[in-house]
Amino acid sequence: MSAAKLVIGNWKMNGSASQVRAFANLAACEWPGCEAALCVPYPLLPAAQMAFGATPLRWGAQDCSAEDDGAFTGEVSARMIREFGARYVIVGHSERRAGHAETDGQIVGKVQHALAAGLTPIVCVGEKAEERDGEQTAMVLRRQLLQLVRALGRDLGSIVIAYEPVWAIGSGDAAAPGMIDHTLGFIADMLTFHAGSSASAVRILYGGSVNPRNAEAILSRKPVAGVLVGSAALAPADFMDICKAAARCSTPATSDAT
Ligand code: PGA
């Protein structure tokens with residue numbers, strides 16, 4: 001299995017077609033050991049497809065509907081996103097859980113539709129500051145993941161999970177590497193307990209105030225399969241520096257035949 005580290009940029013409600021093109025100019029070279037993608041606002045998907053198609057950079061969206069089609073004004077289906085060549089879709093980001101009251105059940109539906117459309121869902125989980133302070137992190141993560149694990153069965157291995165403590169997002173203060181190790185280890189153990197061997201293929205990322213200065217310290221931790229990056233993914237040079245750090249931290253791919 002390839003041990004390339006995954007670097008996913010989350011542009012949130014930022015960016016423009018010219019910014020997409022600026023990234024494409026810088027992303028022309030490949031870093032073996034780093035798989036990178038930018039999740040852009042829906043209207044920028046055509047620009048991303050046009051600009052990134054000839055680069056190693058992949059692209060995706062930041063949410064999708066839990067429905068196929070129909071009378072759902074304002075919704076965008078996973079199939080529509082896939083039509084623009086997208087590979088990834090972020091699902092269950094804390095800003096959607098908080099601002100749009102997304103439930104764990106709806107998130108399961110979105111993940112299933114993303115998989116059916118051929119997208120790789122990046123499912124965000126993480127505790128709020130008060131939950132961390134109340135030592136409820138494990139309980140929150142179990143609640144956010146259990147329904148998903150039960151619903152997906154063998155498909156679990158096709159998703160990516162991003163552990164994003166809500167208190168670290170946009171704060172400038174990433175979680176400490178030791179704490180990231182501990183929490184990602186907890187998630188991996190929980191998945192294995194409930195899903196057995198399909199859990200071993202799940203890539204688990206860290207997100208929350210990742211930047212070019214702390215990326216290497218985070219990406220070099222063994223349980224960290226990659227990072228989900230918000231504000232530092234808006235500046236091409238910063239994002240590329242994080243990709244270079246990911247390439248340095250990757251382990252050589254092992255042959256599937258061995
Ligand atoms: P941040 O955002 O890197 O700006 O903290 C991460 C995210 O919200 O995914």
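Residues numbered from 1 in each chain as written. Predicted model: local features only at pLDDT ≥ 70, side-chain atom pairs only at ≥ 80, totals over all residues. Heavy atoms only, no water.

### What about the pattern of salt bridges?
Phase 1 of the analysis: Scanning the entire structure with this criterion turns up 13 salt bridges.
Phase 2 of the analysis: In this structure, Glu95 and Lys12 form a salt bridge, with 2.8 Å as the shortest nitrogen-oxygen distance. Here Glu95 is found in helix α4 (residues 94-99), whereas its partner Lys12 is found in the loop between β1 (5-10) and α1 (17-26), with 83 residues between them in sequence.
Phase 3 of the analysis: Taking the shortest distance from any N to any O, the salt bridge between Asp181 and Arg221 comes out at 2.9 Å. Of the two residues, Asp181 sits in helix α8 (residues 177-195) while Arg221 sits in the loop between α9 (215-219) and β8 (226-229), which places them 40 residues apart along the sequence.
Phase 4 of the analysis: On the basis of relative accessible area, Arg221 is assigned to the partly exposed category, the value being 29%.
Phase 5 of the analysis: A network of salt bridges, in which partner residues are shared, links Asp63, Arg96, Glu102 and Lys110. (Salt bridge = Lys/Arg side-chain N within 4 Å of Asp/Glu carboxyl O. Helix = DSSP H or I, 4+ residues; strand = E, 2+ residues; numbered from the N terminus. Buried < 20%, exposed > 50% of the residue type's maximum accessible area, 1.4 Å probe, protein only.)

### Considering helix α5 (residues 104-116)
Phase 1 of the analysis: Here α5 spans 19 Å end to end across 13 residues, near enough to the 18 Å set by a 1.5 Å rise per residue.
Phase 2 of the analysis: Along α5, the residues classified as buried are Asp104, Ile107, Val108, Gly109, Lys110, Val111, Ala114 and Leu115.
Phase 3 of the analysis: Here the buried face of α5 lies against α3 (78-82), β4 (88-91), α4, β5 (120-125) and α7 (137-152).
Phase 4 of the analysis: Of the residues one or two after α5, Gly118 is the one with positive phi, at around 90°. (Expected span 1.5 Å × (residues − 1). Contact = heavy atoms within 4.5 Å.)

### Looking at the site of the ligand
Phase 1 of the analysis: As a structural note, the neighbourhood of the ligand is formed by Asn10, Lys12, His93, Glu164, Ile169, Gly170, Gly208, Ser209, Leu228, Val229, Gly230 and Ser231.
Phase 2 of the analysis: Within the backbone of Gly170, one N or O atom sits 2.7 Å away from an oxygen atom of the ligand.
Phase 3 of the analysis: When isolated, the ligand has an accessible area of 280 Å², and the protein chains bury 98% of it.
Phase 4 of the analysis: In the shell around the ligand, the residues fall into three nonpolar, seven polar and two charged. (Near = heavy atom within 4 Å. Polar contact = N/O pair within 3.5 Å; in protein donor to acceptor, adjacent residues only side chain to side chain. Areas by Shrake-Rupley, 256 points an atom, 1.4 Å probe, with all protein chains shown as cover. Nonpolar A, V, L, I, M, F, W, Y, C, P; charged D, E, K, R; others polar.)

### A word on the packing of aromatic side chains
Phase 1 of the analysis: Under the defined criterion, the tally for this structure stands at four aromatic pairs.
Phase 2 of the analysis: Clustering of aromatic rings is evident, with ring pairs tying together Trp11, Phe23 and Phe239.
Phase 3 of the analysis: Directly above the ring of Trp167 sits Arg132, whose terminal nitrogen or CZ lies 4.5 Å from the centroid. (Phe/Tyr/Trp six-rings, centres within 6.5 Å; stacked < 30°, edge-to-face > 60°. Lys NZ or Arg CZ within 6 Å of the ring centre and 35° of its normal.)

### Some thoughts on the nonpolar core
Phase 1 of the analysis: Of all hydrophobic cores here, the largest spans 74 residues; its most connected members are Val7, Phe52, Ile159 and Phe239.
Phase 2 of the analysis: When residues of this core are assigned to their parent elements, the largest contribution, eight residues, is made by helix α10 (residues 236-249).
Phase 3 of the analysis: Not counting residues within four places of it along the chain, the set of residues in contact with Phe52 comprises Val20, Phe23, Ala24, Leu38, Leu57, Arg58 and Trp59.
Phase 4 of the analysis: Ranked by size, the runner-up nonpolar core spans 13 residues in total, among them Leu6, Tyr88, Ile90 and Cys124. (Core = buried A, V, L, I, M, F, W, Y, C linked by side-chain atoms within 4.5 Å.)

### Remarks on a negative patch on the surface
Phase 1 of the analysis: Together, Glu67, Asp68, Asp69 and Glu75 make up a negatively charged patch on the protein surface.
Phase 2 of the analysis: Along the polypeptide, Glu75 turns up in the loop between β3 (58-61) and α3.
Phase 3 of the analysis: Owing to a relative accessible area of 40%, Glu75 belongs among the partly exposed residues under this scheme. (Patch = residues over 30% accessible without salt bridge, like charges linked within 9 Å, V, L, I, M, F, W, Y side chains within 5 Å. Lys, Arg positive; Asp, Glu negative; His and termini not counted. Charge placed at Lys NZ, Arg CZ, Asp CG, Glu CD.)

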